[in-house]
Amino acid sequence: DLVLLPSEPYRFRAKHVPELEALVPHAQVSLVDGEATSWYGSRAIAGILEVARLADELEALRRG
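Let us now look at the overall build of the chain. Along the chain, the regular secondary structure elements total three helices and two strands. Start at the N end of the chain and walk to the C end: the helices and strands fall as β-α-β-α-α. Seen through its C-alpha atoms, the chain measures out along the principal axes to roughly 35 × 25 × 15 Å. Looking at the chain residue by residue over its 64 residues, the buried ones come to 27%. Sequence-distant contacts, at least 24 apart, represent 61% of the contacts inside the chain between residues at least 6 apart. For the chain, the computed accessible surface area is about 4600 Å², with 58% contributed by carbon and sulfur atoms.

Here you go:
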């Protein structure tokens, strides 16, 4: 349902979004901060909040 494209360790960019949308047409594809979502420690807090925000956004889209 949700494909996250991080900026690290590989730097996904906006040009990659349509490619992934074509591969997984039923999913929402979003760019995310790789530092926040891939690193551990204090950066993980921001990553957890970002993923929660994206999950809320996806749920709102489903509801219409």
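Structure shown, so let's carry the discussion forward.
Moving on, we come to the nonpolar core. Val3, Leu5, Val17, Leu20, Ala27 and Val29 form the largest nonpolar core, which has six residues in total. Other than its neighbours up to four places away in sequence, Val17 contacts Leu5, Val29 and Leu31.

Now for the pattern of salt bridges. Scanning the model with the defined rule gives three salt bridges in all. Ionic pairing is found between Glu50 and Arg53, a salt bridge with its closest N-O pair at 2.9 Å. Here Glu50 and its partner Arg53 are both found in helix H3 (residues 42-63), three residues apart, which amounts to about one turn of the helix. Since its relative accessible area comes to 22%, Glu50 is described here as partly exposed. Arg53 gets classed as partly exposed once you look at its relative accessible area, which sits at 40%. The salt bridge partner of Glu59 is Arg63, with a shortest N-O separation of 3.4 Å. In this pair, Glu59 and Arg63 both sit in helix H3, four residues apart, roughly one turn of the helix. Put simply, Glu50, Arg53 and Glu57 are held in one network by salt bridges that share partners.

Turning our eyes to something else, we now look at unusual backbone geometry. Cis geometry marks the peptide bond from Glu8 to Pro9, where omega comes out at -5 degrees. Topologically, Pro9 is positioned in the loop between strand E1 (2-6) and helix H1 (17-23).

Calculation criteria
- Residues numbered from 1 in each chain as written.
- Predicted model: local features only at pLDDT ≥ 70, side-chain atom pairs only at ≥ 80, totals over all residues.
- Heavy atoms only, no water.
- Helix = DSSP H or I, 4+ residues; strand = E, 2+ residues; numbered from the N terminus.
- Buried < 20%, exposed > 50% of the residue type's maximum accessible area, 1.4 Å probe, protein only.
- Contact = heavy atoms within 4.5 Å.
- Areas by Shrake-Rupley, 256 points an atom, 1.4 Å probe, with all protein chains shown as cover.
- Core = buried A, V, L, I, M, F, W, Y, C linked by side-chain atoms within 4.5 Å.
- Salt bridge = Lys/Arg side-chain N within 4 Å of Asp/Glu carboxyl O.

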